[in-house]
Amino acid sequence: MQEQQSMMQRLVSFVETLPEVCANDVRFRVPFLLPRWFRMPRRVRVAGQWIRLHAPDEEGVEAELLTCMLRNVYGLGRGLGEVRTIVGVGANLGFFLLAARAYYPRARIHAYEPNPRILPMLRANTAAVDVTVFAEAVGGRAGMVTLKDDGPSNRARVVEGHADGHAVPQVTMETVMERMGGVADLLKLDCEGAEWEILRPGPWWKAVRNVRMEYHLFHGETVKQATDALEGLGFRVARVRQTGEKGGAIWARQR
């Protein structure tokens, strides 16, 4: 019974997302229908130019591209209003940034990614589309933190109290907002658990107009904690979608 329900949910999701996936197939010149047949493209079309993609040979890369560019899980072009400034925290290989540039060709885009292993690929992927990359994590305090990277790059995360990992610099949201000039029309968060540190009260939140984020329930957190945190910061939660046992996506807009 449970397996049948899961199959039905996947079918409903496929039907719901098919029109947008087909539109993005054309937008980025990436042929795709079903994941079983999908192969990582060598290049994509963004803002009138071909971008050659650089990526490690590891699990999760194809899924990341599907999520950010073809399925548009962050809802680019949907209910965001005018977007002139975009901050991407947890940039990974830059697939979201490429999609953002395609949807918002005139926006100023800042990206944060602390993982030294994939930074050269991120910079190569975004060099031609005018994205400013900061080799830093974002969290609750400024200073050096430990990045644990012992699997696929999209699962690397900042951990406290671990000596085994990379020492990387971290900045706070206050610094992020100052660099962006004080206003972020869109803040995208996908930082493998660091979102709980970021979602703390601060005066800069009034200048963040939209949040599109992934939440991660690594330490017993709940979805309600995430939505309550956003509402406490002045946001109206527009959409919550569970994408796995330990995570999902939230869209929220400043009231």
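Residues numbered from 1 in each chain as written. Predicted model: local features only at pLDDT ≥ 70, side-chain atom pairs only at ≥ 80, totals over all residues. Heavy atoms only, no water.

Caption draft 1: Layout of the side chain of E64. When you line up the elements, E64 lands in helix 2 (residues 61-70). Buried and unpaired, E64 has K188 as its nearest opposite-charge partner, separated by 5.5 Å. Leaving out residues up to four positions away in the same chain, E64 has contacts with N92, F95, N154 and D190. (Helix = DSSP H or I, 4+ residues; strand = E, 2+ residues; numbered from the N terminus. Buried < 20%, exposed > 50% of the residue type's maximum accessible area, 1.4 Å probe, protein only. Lys, Arg positive; Asp, Glu negative; His and termini not counted. Salt bridge = Lys/Arg side-chain N within 4 Å of Asp/Glu carboxyl O. Contact = heavy atoms within 4.5 Å.)

Caption draft 2: Molecular detail of the pairing of strand 2 (residues 49-52). Summarising the sheet, strand 1 (residues 43-46) and strand 2 pair through four bridges and their orientation is antiparallel. Counterpart to V44 in the pairing with strand 2 is I51. Two successive antiparallel strands, strand 1 and strand 2, enclose a turn made up of two residues, where A47 displays a positive phi of approximately 50°. (Pairing = 2+ DSSP bridges.)

Caption draft 3: Summary view of the sheet that holds strand 7 (residues 143-148). The strand order across the open sheet built from four strands is 6-9-7-8, with neighbouring strands paired in mixed fashion. Since the sheet does not close on itself, it has two edges, and those belong to strand 6 (137-138) and strand 8 (157-159), each with one partner. Here five bridges tie strand 7 to strand 9 (residues 166-171), and the two strands are oriented antiparallel to one another. Its bridge partner being in strand 9, L147 is matched across the sheet by H166.

Caption draft 4: Structural view of helix 4 (residues 119-126). Among the residues of helix 4, L119, M121, L122, N125 and T126 are the ones counted as buried. Looking straight down helix 4, one finds that the buried residues subtend no more than 160° of arc, so they occupy a single side. Contacts made by the buried residues of helix 4 are with strand 2, helix 3 (95-103) and strand 5 (131-134). (Arc of directions from axis to C-beta.)

Caption draft 5: Representation of empty space enclosed by the protein within the structure. Within the structure shown, the criterion is met by two cavities of 30 Å³ or more. The wall of the largest cavity is formed by 21 residues, among which G90, E113, A156, D190 and C191 lie closest to the centre. Contributing elements (two or more residues each) for the lining of the largest cavity: strand 6 and strand 8. Looking at the lining of the largest cavity residue by residue, the class counts come to ten nonpolar, five polar and six charged. Here the second largest cavity is characterised by a volume of approximately 30 Å³. For the second largest cavity, the full set of lining residues is E64, C68, G90, A91, N92, L93, G94, F95, F96 and K188. (1 Å grid on protein atoms, 1.4 Å probe; cavity = no way out; pocket = protein on both sides within 12 Å on 5 of 7 lines; lining within 4 Å. Points joined across faces, edges and corners; volume = space filled by probe spheres on them. Nonpolar A, V, L, I, M, F, W, Y, C, P; charged D, E, K, R; others polar.)

Caption draft 6: Representation of the packing of aromatic side chains. According to the stated counting rule, one finds five aromatic pairs in the structure shown. Ring geometry for Y74 versus F96: centroids 5.4 Å apart, planes at 75°, classification edge-to-face. Taken together, the positions of Y74 in the loop between helix 2 and strand 3 (85-89) and F96 in helix 3 put the pair 22 residues apart, joining distant regions of the chain. Ring plane angle 40° and centroid distance 6.4 Å describe the contact between Y103 and Y104, whose orientation is recorded as tilted. For the pair Y103 and Y104, one class covers both residues: buried. (Phe/Tyr/Trp six-rings, centres within 6.5 Å; stacked < 30°, edge-to-face > 60°.)

Caption draft 7: Geometry of the pairing of strand 12 (residues 235-244). Sheet topology places strand 12 next to strand 13 (residues 247-254); eight bridges connect them, and they run antiparallel. Pairing of R239 across the sheet is with W251, part of strand 13. Connecting the antiparallel pair strand 12 and strand 13 is a turn made up of two residues.

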